[in-house]
Amino acid sequence: QVQLVESGGGLVQAGGSLKLACATSRRTFSTYAMGWFRQAPGKEREFVAAISWNGVTTYYADSVKGRFTISKNSAKNTVYLQMNSLKPEDTAVYLCAADQSLRGTYAYWGQGTQVTVSS
């Protein structure tokens, strides 16, 4: 059973920063690729960022490149998404996901955390 628990969402002004966290088990953390996705009201879910199981490879959506950073903390079995220079269009529910393939269709999902960026 793969469990993913997100935290760190909230309300922030445009230009501000937030850091999201996704906690999971040791097994999941050390063997699965992890990704962040987001879904805004009335829109389809979209990819944001992903990191390989060993933390060596990362990739980002063009819309967040240079502003967001995905990272892993092995001591805490937690994946982070540092979000800087936030824009109102970043407002969405952010979901953590895990899969055996970095660029695959992610099989396991968390419940999500709300991020709201005010203008």
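As a reminder, the structure under discussion sits directly above these lines.
The structure displayed is predicted, hence computed values, not measured ones.

Conventions adopted
Residues numbered from 1 in each chain as written. Predicted model: local features only at pLDDT ≥ 70, side-chain atom pairs only at ≥ 80, totals over all residues. Heavy atoms only, no water. Helix = DSSP H or I, 4+ residues; strand = E, 2+ residues; numbered from the N terminus. Polar contact = N/O pair within 3.5 Å; in protein donor to acceptor, adjacent residues only side chain to side chain. Contact = heavy atoms within 4.5 Å. Salt bridge = Lys/Arg side-chain N within 4 Å of Asp/Glu carboxyl O. Buried < 20%, exposed > 50% of the residue type's maximum accessible area, 1.4 Å probe, protein only.

Chemist: Could you clarify how one ought to interpret the side chain of Ser52 in this entry?
Modeler: Structurally, Ser52 is set in the loop between strand 5 (46-51) and strand 6 (58-60). Here Asn54 takes part through its side chain, which lies 2.7 Å from a polar atom of the side chain of Ser52. There is a polar contact of 3.2 Å between the side chain of Ser52 and the backbone nitrogen of Val56. Residues within four places of Ser52 in sequence aside, it is in contact with Ala33, Thr57, Lys72 and Leu102.

Chemist: Explain unusual backbone geometry here, please?
Modeler: It is generally the case that most residues other than glycine have a negative phi and that most peptide bonds are trans. Positive phi outside glycine occurs at Asn77, with the angle close to 50°. Mapping Asn77 onto the fold places it in the loop between strand 7 (68-73) and strand 8 (78-83).

Chemist: Explanation requested: the pattern of salt bridges in the structure shown.
Modeler: Between side chains of opposite charge, pairing is possible as soon as their charged atoms come close. As enumerated under the stated definition, the model contains four salt bridges in all. When the shortest N-O distance is used, the salt bridge between Arg38 and Asp90 registers 2.9 Å. Here the residue Arg38 occupies a position in strand 4 (residues 33-39), and Asp90 occupies one in the loop between strand 8 and strand 9 (92-99), the gap between them amounting to 52 residues. Across this residue pair, the class does not change: Arg38 and Asp90 are buried. Notably, a salt bridge pairs Lys65 with Asp62, separated by 3.1 Å at the nearest N-O pair. With a relative accessible area of 66%, Asp62 lands in the exposed category. Counted as one network, the salt bridges with shared partners bring together Arg38, Glu46, Arg67 and Asp90.

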